[in-house]
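Chain residues, written in single-letter form:
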Amino acid sequence: MPEVVTAGEALVALVPLERGRLRVGKLLEVQVGGAELNLAVALARLGVGVGYVTWLGTDELSELILERLRAEGVDTRAVRRVEGFTGVYLRRILPLGQGRVFYYRQGSAASRMGPGAFDPAYLEGARFFHLSGITPALSESCRAFSLWALAEAKARGVRVSLDLNHRRHLWEGRAARAWLEEALPSLDLLLLSEEDAEGLFGEEGAVWNLPVPEIVLKRGAKGASARVGERRLEAPAFPVEAVDPVGAGDAFSAGYLAGHLWGLSPEERLRLANALGAFVAASRGDHEEAPRKEEVLAFLRGEGGWHR
Ligand code: ADP
Ligand code: KDG
């Protein structure tokens, strides 16, 4: 049985090999993404047993995603194949680092998930069920799916973590806040970025007062802050050259969850999470350079550099 179960939409990511406007013609690399998929891959590389739930279509891109999940050792028993296609997203990074994504996902196989999209017995024995705030933004049925899945996890005593991942190209702040109100009572752990906090609450203070036992705020190159019960913590990021920050937050969340499973203290969890975020922020792709357990532990011991 997986220790962590996560559910969401897998996307094919078209990632430019160089910065600049796509309209002038750029080479794109075909990669695999999706916030929960990125988290699942990062956890699998850390040696955590992880199961990924989604609906995939019948097209070639769906095969690509399935192959990648299997190659990474993610449990795909709860993946369902349905008629339809896999969503795609394209990203553009301008020379000074301004990034933007373009989605081609409306009506995708995963956006048709609803309550009952997987057998909830699959959650039995898991230590965490993880969701992102992207899934409820995909469609009405996915919104219902997300609340159903949270309730099924809770009913089985599985701890629930949510990475808010507010995507303003998918829904408005008002709709996202209304969904969060409904989800809040189920949450044991809430992770969100400074951008999410600003976009949804306007100011950071409101975040710390949310009725969730554990809240982690991701601050990009500044690191992260947390409230664990009544305790407040801060942890600096690792200084790296940011190449492509997309996916760093998912790797961070994977590190934080792994820290829980390994019984680390809140300080150690944040340090591990910041290290995972740094690996992914410093490289192209959503999760391509998420580290294996021994790699990140060596990094945390300060064993970097060359081995000859
Ligand atoms: P999200 O990807 O969810 O928007 P952030 O951009 O805050 O979240 O990144 C998540 C985490 O990744 C940060 O908390 C930090 O640990 C790491 N990270 C992101 N950008 C950098 C960076 N430029 N340098 C070092 N670490 C980074
Ligand atoms: O966190 C990275 C994700 O944003 C990316 O993989 C694409 O899931 C995605 C989305 O919907 O933005």
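- Within an unreviewed UniProt entry, the label attached to the protein reads Sugar kinase, ribokinase, and the organism entered is Thermus oshimai JL-2.

1. Some thoughts on the overall build of the protein
- In terms of helices and strands, the protein carries 10 helices and 14 strands.
- Computed over C-alpha atoms, the radius of gyration of the protein comes to 18 Å, within 12% of the 19 Å expected from 2.2 N^0.38 for 308 residues, which places it in the range of a compact globule.
- By its C-alpha atoms, the protein is 50 × 50 × 40 Å across when sized along the principal axes.
- Every one of the 308 residues in the protein was classed for burial, and the buried ones make up 56%.

2. Examining the sheet that holds strand 7 (residues 87-93)
- Within the open sheet, the four strands sit side by side as 3-2-7-8. Their pairing is mixed. Two strands in the sheet have a free side with no partner beyond their single neighbour: strand 3 (28-33) and strand 8 (99-104). In this sheet, adjacent strand axes meet at a mean angle of 25° when their direction is disregarded.
- In terms of strand pairing, strand 2 (residues 11-16) meets strand 3 through six bridges, oriented antiparallel. Across the sheet, residue P16 finds its bridge partner in strand 3, namely L28.

3. A short note on the site of ligand 2
- In the region of ligand 2, 14 residues are neighbours, and Y103, R105, R167, D250 and D286 sit closest.
- One of the backbone nitrogen or oxygen atoms of A35 is found 2.9 Å away from an oxygen atom of ligand 2.
- In the model, an oxygen atom of ligand 2 is placed 2.5 Å from a nitrogen or oxygen of the D286 side chain.
- Calculation on ligand 2 without its partners gives an accessible area of 310 Å², and the protein chains cover 94% of this total.

4. A few points about the environment of F102
- Along the chain, the position of F102 falls in strand 8.
- Remark: the alpha-carbon pair of F102 and I134, spanning 32 residues in sequence, is separated by 14 Å.
- Residues in contact with F102, not counting those within four places in the same chain, are V88, Y89, L90 and R92.

5. Regarding the pairing of strand 2
- Most of strand 2 sits out of view: five of its six residues are buried.
- Relative to strand 7, strand 2 runs parallel, the two sharing four bridges. Bridged to L14 within strand 7 is L90.

6. A closer look at the UniProt feature "domain: Carbohydrate kinase PfkB" (unreviewed entry) in the protein
- Using the residue numbers shown here, the UniProt feature "domain: Carbohydrate kinase PfkB" (unreviewed entry) corresponds to residues 1-288.
- Helix and strand shares over residues 1-288 are 33% and 23% respectively, and the end C-alpha atoms of the span are 25 Å apart.

7. Focus on the site of ligand 1
- Lining the immediate surroundings of ligand 1 are 17 residues, of which G220, G223, F238, G249 and N274 lie closest.
- Contact between ligand 1 and G220: an oxygen atom at 2.7 Å from a main-chain N or O atom of the residue.
- G249 places a polar main-chain atom, nitrogen or oxygen, 3.0 Å from an oxygen atom of ligand 1.
- Look at ligand 1: alone it shows 550 Å² of surface, and the protein chains cover 86% of it.
- Mapped onto the shell around ligand 1, the elements with two or more residues apiece are helix 8 (248-261) and helix 9 (266-281).
- Per-element accounting of the shell around ligand 1 gives the leading share, four residues, to helix 9.

8. Overview of the packing of helix 4 (residues 140-155) against helix 5 (residues 173-183)
- Relative orientation of the contacting elements helix 4 and helix 5 amounts to 20°, with a least axis distance of 10 Å. On the basis of their axis angle, the class for helix 4 and helix 5 is roughly parallel. As helix 4 runs across helix 5, the sense of the crossing is right-handed. Residue-level inspection shows R143, S146, L147 and L150 of helix 4 in contact with helix 5, the latter providing A178, W179, E182 and A183.
- Broken down by class, the residue content of the contact of helix 4 with helix 5 amounts to five nonpolar, one polar and two charged.

9. Side note on the pairing of strand 1 (residues 4-7)
- In strand 1, alternate side chains face the same way, and those of V4 and T6 on one face and V5 and A7 on the other are all buried.
- Pairing analysis gives four bridges linking strand 1 to strand 4 (residues 50-53), with the strands arranged parallel. Paired with T6 across the two strands is Y52, which belongs to strand 4.
- Where strand 1 and strand 9 (residues 128-132) come together, three bridges link them in parallel fashion. Looking across to strand 9, one finds that T6 is bridged to H130.

Reading guide: rules and limits
Residues numbered from 1 in each chain as written. Chains lettered and ligands numbered in written order. Predicted model: local features only at pLDDT ≥ 70, side-chain atom pairs only at ≥ 80, totals over all residues. Heavy atoms only, no water. Helix = DSSP H or I, 4+ residues; strand = E, 2+ residues; numbered from the N terminus. Rg over C-alpha atoms; globule rule 2.2 N^0.38 Å. Buried < 20%, exposed > 50% of the residue type's maximum accessible area, 1.4 Å probe, protein only. Pairing = 2+ DSSP bridges. Axes fitted to C-alpha atoms, helices over the stretch in contact; angles between N-to-C directions. Near = heavy atom within 4 Å. Polar contact = N/O pair within 3.5 Å; in protein donor to acceptor, adjacent residues only side chain to side chain. Areas by Shrake-Rupley, 256 points an atom, 1.4 Å probe, with all protein chains shown as cover. Contact = heavy atoms within 4.5 Å. UniProt positions renumbered as here; feature names shortened; annotations may be inferred. Parallel < 35°, antiparallel > 145°, perpendicular 65-115°, else oblique. Left-handed = near helix turned anticlockwise from the far one by under 90°. Nonpolar A, V, L, I, M, F, W, Y, C, P; charged D, E, K, R; others polar.

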